[in-house]
Each structure stands twice: as C-alpha cells, then as structure tokens.
Amino acid sequence: QVHVVESGGGLVQPGGSLRLSCAASGSSFSFVAMGWYRQASGEQRELVALITSSGNPTYADSVKGRFTISRDNAENTVYLQMNSLKPEDTADYYCLARRGTGYTYWGQGTQVTVSS
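All figures in this text were calculated on a predicted structure; none of them were measured in a lab.

### Description of the overall build of the chain
Right, on to step 1. Regarding its fold elements, the chain presents 0 helices and 11 strands.
Right, on to step 2. In the chain, the succession of helices and strands from N to C terminus is β-β-β-β-β-β-β-β-β-β-β.
Right, on to step 3. Considering the chain as a whole, with its 116 residues, one finds that 39% of them fall into the buried category.
Right, on to step 4. For the chain, long-range pairs separated by at least 24 residues make up 54% of all intrachain contacts whose partners lie at least 6 apart in sequence.

### So, the nonpolar core
Right, on to step 1. The biggest cluster of nonpolar side chains holds 28 residues, and the ones touching the most others in it are Trp36, Leu80, Met82 and Tyr93.
Right, on to step 2. For this core, the secondary structure elements donating two or more residues are strand 3 (18-25), strand 4 (33-39), strand 5 (46-52), strand 7 (67-72), strand 8 (77-82), strand 9 (91-98) and strand 11 (110-114).
Right, on to step 3. Excluding anything up to four places from it in sequence, Leu80 contacts Leu18, Arg19, Leu20, Trp36, Val48, Ala49, Phe67, Thr68, Ile69 and Tyr93.

### A look at the pairing of strand 9
Right, on to step 1. When you tally the buried positions in strand 9, you get 6 out of 8 residues, the bulk of the element.
Right, on to step 2. Two strands pair when backbone bridges link them, and strand 4 and strand 9 are joined in this way by 7 bridges, in the antiparallel orientation. Opposite Gln39, over in strand 9, you have Asp92 as the bridge partner.
Right, on to step 3. Alignment of strand 9 against strand 11, held across 3 bridges, turns out to be antiparallel.

### Regarding the packing of aromatic side chains
Right, on to step 1. On inspection of all chains with the given rule, the structure shows 3 aromatic pairs.
Right, on to step 2. With 5.4 Å between their ring centres and 75° between their planes, Tyr37 and Trp106 make a pair best called edge-to-face. A residue pair is termed long-range when its members are at least 10 positions apart, and Tyr37 in strand 4 and Trp106 in strand 10 (residues 104-106) qualify at 69 residues.
Right, on to step 3. An angle of 70° between the planes, with centres 4.8 Å apart, marks the rings of Tyr103 and Tyr105 as edge-to-face.
Right, on to step 4. Site record: aromatic cluster; members linked through ring pairs are Phe31, Tyr103 and Tyr105.
Right, on to step 5. The ring of Tyr94 carries Arg45 above its face, with NZ or CZ at 3.8 Å from the centroid.

### Describing the state of the cysteines
Right, on to step 1. The full count for this structure, using the stated rule, is 1 disulfide.
Right, on to step 2. The disulfide partner of Cys22 is Cys95, and the gap between their sulfur atoms is 2.0 Å. Looking down the S-S bond of the Cys22 and Cys95 bridge, the torsion is -80°, so its handedness is left-handed. One end of the pair, Cys22, is in strand 3; the other, Cys95, is in strand 9, with 73 residues separating them in the sequence.
Right, on to step 3. For Cys22, a relative accessible area of 1% gives the class buried.

### Let's talk about the pattern of salt bridges
Right, on to step 1. Going through the model one piece at a time under the given rule, you end up with 4 salt bridges.
Right, on to step 2. Two residues, Lys64 and Asp61, come together in a salt bridge whose shortest N-O distance is 3.1 Å.

### Here we look at the sheet that holds strand 1 (residues 3-7)
Right, on to step 1. In space, the 4 strands of this open sheet follow the order 1-3-8-7, with antiparallel pairing throughout. The outermost strands of the open sheet, each flanked by one partner alone, are strand 1 and strand 7. Sheet twist, expressed as the mean angle between neighbouring strand axes with direction ignored, is 15°.
Right, on to step 2. Inspection of the sheet shows strand 1 paired to strand 3 by 5 bridges, in the antiparallel sense.

How each quantity is defined
- Residues numbered from 1 in each chain as written.
- Predicted model: local features only at pLDDT ≥ 70, side-chain atom pairs only at ≥ 80, totals over all residues.
- Heavy atoms only, no water.
- Helix = DSSP H or I, 4+ residues; strand = E, 2+ residues; numbered from the N terminus.
- Buried < 20%, exposed > 50% of the residue type's maximum accessible area, 1.4 Å probe, protein only.
- Contact = heavy atoms within 4.5 Å.
- Core = buried A, V, L, I, M, F, W, Y, C linked by side-chain atoms within 4.5 Å.
- Pairing = 2+ DSSP bridges.
- Phe/Tyr/Trp six-rings, centres within 6.5 Å; stacked < 30°, edge-to-face > 60°.
- Lys NZ or Arg CZ within 6 Å of the ring centre and 35° of its normal.
- Disulfide = S-S within 2.5 Å.
- Salt bridge = Lys/Arg side-chain N within 4 Å of Asp/Glu carboxyl O.
- Axes fitted to C-alpha atoms, helices over the stretch in contact; angles between N-to-C directions.

In structure tokens, the structure reads:
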C-alpha cells in the first residue's frame with residue numbers, strides 16, 4: 001500500500017521561504033510524475049508544480065521564478081523550495097505521486113500560511 005506523506009509547512013512572513021518535502025513509501029514501482037497542488041480556502045485545488053521522472057518540471061505561472069521543484073527518484077521523494085512567499089501563497093499544499101497508468105496517490109496535505 002502506497003503512503004504519501006508531506007512535511008515542512010508552517011507560518012512564514014511575506015518574503016520568507018519554506019521547503020516542503022514529500023515521500024511516497026510502500027511502492028515497488030517508480031512514479032512517472034510527482035508534484036504539488038494547493039487549495040486555498042474557498043478555492044479549487046490548483047497545480048503548483050510537477051516534475052517527471054526524467055527531471056522535467058512544470059510550474060504554475062503564479063510561482064515561476066519563486067518556487068523550485070526537485071525529486072529523488074531512488075527515494076520516491078519530491079521537494080518544493082518556496083522563496084519570496086506572498087500572502088496569496090497561503091493554502092493547503094498536497095503532494096501527488098502518479099503512476100504510468102495515470103493512477104494518482106495523494107497526501108493528506110500540509111498547511112502553509114504567509115502572514116505578518
């Protein structure tokens with residue numbers, strides 16, 4: 001059984017940085033993509049960043065130049081370095097791990113709050 005667990009959320013001031021981590025355990029197969037979505041209160045879940053097993057990243061326009069996604073394929077782990085955080089980045093951040101079949105495993109989410 002695959003478990004996806006996020007860590008690293010918290011409260012940070014505007015302009016600050018946070019690093020989110022996510023590990024997908026219990027898997028005997030690799031994931032073609034891993035990444036992050038977020039959902040702010042009252043909003044729909046939206047893509048933040050995705051990275052393929054070959055290391056090709058995709059970013060939402062709103063985070064380009066501020067966020068960096070990376071992964072460790074051997075450990076089935078993905079990271080999101082978030083710099084220059086803004087209040088509008090406040091949301092629950094969800095990690096995903098996607099198989100080649102398209103089936104997607106989701107984590108429980110970690111809260112990020114950007115506020116002074």
